[in-house]
Amino acid sequence: MLRRTFLFSAGLPVAVSLAGCRGQRQFARIVNPGDKALMGSHQAGAETFGPLVDEAVAKLLARNAEAPVQQVSYDDAGEPLPCPPKRICFVGVENKSAEDIGDFKDELYQVIDTRLLQTPIFQPLNRRVVDAGLLETRLRPDQLCIPEHMRQFATHLEREGEPIDYLLYATLTSGTTRENRDYERSYRLTMELIDVRTGNYDKQSADLVKGYHHSRLSRWRATNPLSR
Amino acid sequence: MPRPGLLAIVVPCLVLLVGCATHITRLEPVRAAFHRGDLDEAERLIATDLEKHPGDADVLTLDRALVALADGRPLAAEDLLKEVRDRFDHLEQESPAEDAWSMLSDDQQRSYAGEDHEKVLLRAMLAITNLSSDGGDAEAFSYQAAEKQAEIVAAATAEDGTNPKASYRQIALAPYLRGVLREETHRDYDDAARHFATVVNWQPEFAAGQADVVRATGGVHSPHGHGVVHVFALVGHGPCKVVVEEIPSSAALLVADQILSATLTQSLPPTVAPIKVPRVVAAPGLVSAVAVGRTSAGGGVAWQGRTTTITDISRMAVEQEAAVHDRTVARAVARRALKKGTVFGVKEGLGVERFGPAALAFDLAGVAWEAAENADTRCWGLLPDSIQVVRMELPAGQHTLALQAVDRQGMSVGRAVPRSVTVADGRNTYVVIQAPDAGIIGEVLSSSP
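Bear in mind the structure is a predicted one, so any value in this text is a computation, not a measurement. (Residues numbered from 1 in each chain as written. Chains lettered and ligands numbered in written order. Predicted model: local features only at pLDDT ≥ 70, side-chain atom pairs only at ≥ 80, totals over all residues. Heavy atoms only, no water.)

A.B. asks: Describe the overall build of chain A, naming the residues involved and giving the relevant values.
C.D. replies: Along the backbone of chain A there are 6 helices and 5 strands. Split into buried and exposed, the 228 residues of chain A put 38% on the buried side. Across chain A, every contact between residues at least 6 apart in sequence was considered, and the portion connecting residues at least 24 apart equals 61%. Here chain A displays about 14,400 Å² of accessible surface, and carbon together with sulfur accounts for 54% of that area. (Helix = DSSP H or I, 4+ residues; strand = E, 2+ residues; numbered from the N terminus. Buried < 20%, exposed > 50% of the residue type's maximum accessible area, 1.4 Å probe, protein only. Contact = heavy atoms within 4.5 Å. Areas by Shrake-Rupley, 256 points an atom, 1.4 Å probe, with all protein chains shown as cover.)

Below you can see the structure in the form of structure tokens.
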């Protein structure tokens, strides 16, 4: 009896283990709009950047959507003409947050650039033209705010047949508040529009706060109204 | 007349006694051929090994990729590296069946999913390989290298918050490549500065790191009319795994099974065969750096700099192995305990007489079973001792570089190799060389900006 028990207890784990084998190859799926998306557990992801871009771009467009020009003329009925689009040079996305945003940087640029291009308010320069301008002038993006450099860059683009009215910067910043092993990080995407003729600037920003919790219980305590 | 059941157990165990040479023993001629620059011989030996030992296919394919790279075939090297990268990713999953089988035999029976440093270096090497051809995927590969590195450390966090891999020396090549590529955009200097700062943090010995940070923070990629040449050199012999005998653990286990044998109803097979585990050892080789200069029209060479280490592979591999060595030994000890327990259980199950000839036969079979174990020495055998880099700003146009491997005393090793490169205004040009022992071997690769 003792022997049988011993053999059973020794052999069973081995037999069970033998039944297991390595899983299949990696799987994938298309995430359609409305499907449940992944939530970055350690840093910001699409769930953070998507709303930030939506809000910041919407605010920027709303702010710059001017009333159409009322043309006054003796031979027509004064039909309003749309304002000419503002020619902007979207210099780039600066990451000044506490996180490495990895492959999101170019993604953010393209999303913002595409949104701006789709509106009649702005006419962004092609990114390749911007890049070539920076290469030719050897100016750093952060140097373009200095009036002399701004003029130099704008003149260069004008010489290339691409005059601009505004420089546009997108800057991602963050602030972190810690409570023991949990922390909250507020993300801010700021869109800064600078008039290359006057140097005047305008900015719009969007904020999003994300909580990072070391356990499910901690997350539950943070979201449950009874525990507050 | 021995019982058939007894024979059925004892004979297979004795068959296991016929041990095989470990991977590293078979790899020695390949390493020797590669290090002396005989790429054809290295390729032939790898092909032969691949036919005979399909279980080692992944590590041999990695070696084959470095031979292809030295042979001037970066696209072939990239394909081979990608194949192994995907396979290692698959093999990272636990296989309880394989784990159980390896507990009854040895770790060589497990599929090899690569050491941690190999998984990261594989991606970094993909980036370098890609840079030497069209460079279109280099940024993605360097990103993958950094991601893999973070993933490996994060995955090792235990329930209590401890992490044996938190002390790992990180591969600074990955952020360096990202910094270099972002700087070339002339736009993402903030990214470049961040990556170069990571390089300085991870590899403080990298002398050029601070200058990279300063340039990315406040300077520009290169002056007007100039471009940048990055020379990546794979220098020296990389680390390899050797078999070591864990004498203290073996002695402790021998005493333990003596005590148990005296108290239990059956004796346990004595620990005659020492416990064998792999140990990573460094053997850096003769070459310590590569001097780079420009050949003038008159044929003279103006030496401009030497490559410096951005990733010390040997040191990193040794430290990483040391961090998980106790686990490797614990696994080997657990295997021994399982084997002894199995022999004990079978003897009990069959009702073998304690001091009879059958018990002796079982113990002998148990000793043979344990002696058949060998350490798993599979590794990426042709890795260099270090990956080094030097950055040079040169006027746009055609230049002939002179590349000379040097030893620790600064003496030339092998002959100087000329290489023509094209430098474009505001762009990067990449040169990739391998200098294991006999100076620079194979073909010097250069990208077109």
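This is not the end of the story, as more comes after the structure.
A.B. asks: Hey, could you go over the overall build of chain B for me, with residue numbers and the actual values?
C.D. replies: If you tally the helices and strands in chain B, you get 14 helices and 11 strands. In terms of overall dimensions, chain B has a C-alpha envelope of 90 × 50 × 35 Å along the principal axes. Partitioning the intrachain contacts of chain B with sequence separation of at least 6 by distance along the chain shows that 76% fall at a separation of at least 24. Of the roughly 17,500 Å² that chain B leaves accessible, carbon and sulfur atoms contribute 59%. Across chain B, the mean location of the 42 positive side-chain charges is 1 Å away from that of the 58 negative side-chain charges. (Lys, Arg positive; Asp, Glu negative; His and termini not counted. Charge placed at Lys NZ, Arg CZ, Asp CG, Glu CD.)

A.B. asks: Outline the packing of helix α13 (residues 313-350) of chain B against helix α14 (residues 357-371) of chain B, supporting the account with residue identities and numerical values.
C.D. replies: Residue and element names in this part refer to chain B. In contact at an axis separation of 10 Å, α13 and α14 are set at 160° when each is read in the N-to-C sense. On the basis of their axis angle, the class for α13 and α14 is roughly antiparallel. Seen along the crossing, α13 lies across α14 with a hand that is right-handed. Residues R336, K339, K340, T342, V343, V346, K347 and L350 of α13 form the contact with α14, whose own contacting residues are A359, F362, D363, G366, W369 and E370. Residues that form the contact of α13 with α14 fall into these classes: 6 nonpolar, 2 polar and 6 charged. (Axes fitted to C-alpha atoms, helices over the stretch in contact; angles between N-to-C directions. Parallel < 35°, antiparallel > 145°, perpendicular 65-115°, else oblique. Left-handed = near helix turned anticlockwise from the far one by under 90°. Nonpolar A, V, L, I, M, F, W, Y, C, P; charged D, E, K, R; others polar.)

A.B. asks: So, the pattern of salt bridges: which residues are in play, and what are the values?
C.D. replies: As a working rule, side chains carrying opposite charge can pair if their charged atoms are close by. Applying the stated criterion across every chain yields a total of 51 salt bridges over all chains. Here A:D106 ties to B:R187 by a salt bridge, and the two come within 3.9 Å at their closest N and O atoms. Of this pair, A:D106 sits in helix α3 (residues 104-117) while B:R187 is found in the loop between α9 (173-183) and α10 (189-202), placing the two residues in two different chains. Across the pair B:D188 and B:R182 runs a salt bridge whose closest N-O atoms are separated by 2.8 Å. Considered together, B:D188 and B:R182 belong to a single accessibility category, that of buried residues. Here the salt bridges share partners, and the residues they tie into one network are A:K105, A:D106, A:R127, A:D131, B:E139, B:R182, B:R187, B:D188, B:D190 and B:D191. (Salt bridge = Lys/Arg side-chain N within 4 Å of Asp/Glu carboxyl O.)

A.B. asks: So what's going on with the interface of chain B and chain A? Residues and values would help.
C.D. replies: For an interface, size is often stated in terms of accessible area lost upon the parts coming together. Taken together, the contacts link 45 residues of chain B with 38 residues of chain A. For the chain B face of the interface with chain A, the top three residues by lost area are B:H186, B:R187 and B:R194, together amounting to 21%. Where chain B packs against chain A, one counts 8 salt bridges. Here chain B is connected to chain A by 19 residue pairs in polar contact (both at pLDDT 80 or more). Every element with two or more residues in the side of chain B that touches chain A is listed here: α5 (74-91), α6 (96-104), α9, α10, α11 (209-218) and α13 of chain B. No other element matches the 6 residues that α13(B) contributes to the side of chain B that touches chain A. Of the residues belonging to the side of chain B that touches chain A, the class tally is 12 nonpolar, 18 polar and 15 charged. (Buried area = accessible area lost by both parts, 1.4 Å probe. Polar contact = N/O pair within 3.5 Å; in protein donor to acceptor, adjacent residues only side chain to side chain.)

A.B. asks: For helix α2 (residues 23-35) of chain B, give the residues involved together with the corresponding values.
C.D. replies: Residues and elements named next belong to chain B. Between the first and last C-alpha of α2 there are 18 Å, a value that for 13 residues agrees with the 18 Å anticipated at 1.5 Å per step. Maximum bend of α2: about 30°, positioned at P29. Taken together, the buried positions of α2 are H23, I24, R26, L27, V30, R31, A33, F34 and H35. Turning to α2, the residues buried within the fold contact α3 (39-52), α4 (57-70), β2 (240-245), β10 (428-435) and β11 (441-446). Note on α2: the residue one or two positions beyond its end, G37, has a positive phi of about 90°. (Expected span 1.5 Å × (residues − 1). Bend = angle between axes of the 7 residues up to and from the residue.)

A.B. asks: Any chance you could break down helix α5 (residues 147-159) of chain A for me, citing the residues and the numbers?
C.D. replies: Residue pairs three or four apart in sequence face the same way in an α-helix, which turns once every 3.6 residues. Residues and elements named next belong to chain A. For α5, spanning 13 residues, the distance from its first C-alpha to its last is 18 Å, which sits close to the expected 18 Å at 1.5 Å a residue. All buried positions along α5 are accounted for by H149, M150, F153, A154, H156 and L157. Angular distribution of buried residues about the axis of α5 spans 155°; they occupy a single face of the element. What points out from α5, more than 90 degrees from its buried face, is the exposed set E148, R151, E158 and R159. Contacts from the buried residues of α5 go to β1 (86-96), α4 (127-137), β3 (166-179) and β4 (182-195). (Arc of directions from axis to C-beta.)

A.B. asks: A description of the pairing of strand β5 (residues 201-212) of chain A should follow, citing residues and the corresponding values.
C.D. replies: Two faces belong to every sheet, and in a regular strand the side chains alternate between them. Residues and elements named next belong to chain A. Looking at chain direction, β4 and β5 are connected through 12 bridges and run antiparallel. When the sheet's bridge partners are listed, T190 is paired in β5 with S205. Hairpin connection, β4 to β5: the antiparallel pair is bridged by 5 residues, and G199 has positive phi, about 85°. (Pairing = 2+ DSSP bridges.)

A.B. asks: Outline the nonpolar core, listing residues and values.
C.D. replies: In terms of nonpolar packing, the biggest core is built from 70 residues, with B:L173, B:Y176, B:F232, B:I310, B:W380 and B:I387 touching the most fellow members. Beyond its immediate stretch of four places on either side in the chain, B:W380 contacts B:V59, B:L62, B:D63, B:L66, B:L81, B:E118, B:L121, B:L122, B:M125 and B:P239. Core analysis: the next-biggest nonpolar cluster, separate from the first, contains 46 residues, A:V57, A:L167, A:Y187 and A:L189 among them. (Core = buried A, V, L, I, M, F, W, Y, C linked by side-chain atoms within 4.5 Å.)

A.B. asks: If you had to explain the packing of α3(B) against α4(B) to someone new, which residues and values would you point to?
C.D. replies: Residues and elements named next belong to chain B. Packing of α3 against α4 brings their axes to within 10 Å, and their N-to-C directions diverge by 160°. Between α3 and α4, the angle falls in the class roughly antiparallel. Crossing hand, α3 versus α4: left-handed. Between α3 and α4, the residues in contact are L39, A42, E43, I46, A47, D49 and L50 and A57, L60, T61, D63, R64, V67 and A70, respectively.

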